[in-house]
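Results of the structural survey
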Amino acid sequence: MKCRKTGMPVQTMPERKPSLPLNLQFFAEGDGNGTGGSAGNEDGAGENGGSAGAGQKLSFDDFLKGEGNQAEFDHHMNKAIETAVKMRRKNGVF
């Protein structure tokens, strides 16, 4: 291949295949056997260390009953509502 302007030969990079597989869905939902335990413990229980039992999923209501979860949820909801109201007032909707 030659350069259009100068006519000198141009070196091109050879095509390479990736040497390592790309695990693009590494953090996607697993098959329910505890995969994805990269939050610190190897059993896939997550950050809180709690587990809903073998193969049993924890409902959102049961999650909120956990220690401090309801307060944390309320905090984030109130902050989101305040931000939404502030943005709508700023844009002249309210």
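Scoring rules and cut-offs
Residues numbered from 1 in each chain as written. Predicted model: local features only at pLDDT ≥ 70, side-chain atom pairs only at ≥ 80, totals over all residues. Heavy atoms only, no water. Helix = DSSP H or I, 4+ residues; strand = E, 2+ residues; numbered from the N terminus. Contact = heavy atoms within 4.5 Å. pLDDT = per-residue confidence, 0-100. Patch = residues over 30% accessible without salt bridge, like charges linked within 9 Å, V, L, I, M, F, W, Y side chains within 5 Å. Areas by Shrake-Rupley, 256 points an atom, 1.4 Å probe, with all protein chains shown as cover. Salt bridge = Lys/Arg side-chain N within 4 Å of Asp/Glu carboxyl O. Buried < 20%, exposed > 50% of the residue type's maximum accessible area, 1.4 Å probe, protein only.

Concerning the side chain of N69
By secondary structure assignment, the location of N69 is in helix 2 (residues 69–90). When near neighbours in sequence (up to four residues on either side) are disregarded, N69 contacts F63 and L64.

Description of the confidence of the model for the chain
Caution is warranted with low-pLDDT regions, since their predicted coordinates should not be read in detail. On average, residues of the chain score 75 in pLDDT, and 61% of them are at 70 or above. A low-confidence stretch, residues 40–45 (pLDDT under 50), is modelled with 8 contacts involving residues beyond four sequence positions or located in other chains.

Describing a nonpolar patch on the surface
A surface patch of nonpolar side chains, about 540 Å² in accessible area, is lined by L58, F60, F63, F73, M77 and I81. Looking at the nonpolar patch, the elements with two or more residues in it are helix 1 (60–64) and helix 2. Looking at the nonpolar patch, the element that brings in the most residues is helix 2, giving 3 residues. Here M77 lies in helix 2. We classify M77 as partly exposed; its relative accessible area is 37%.

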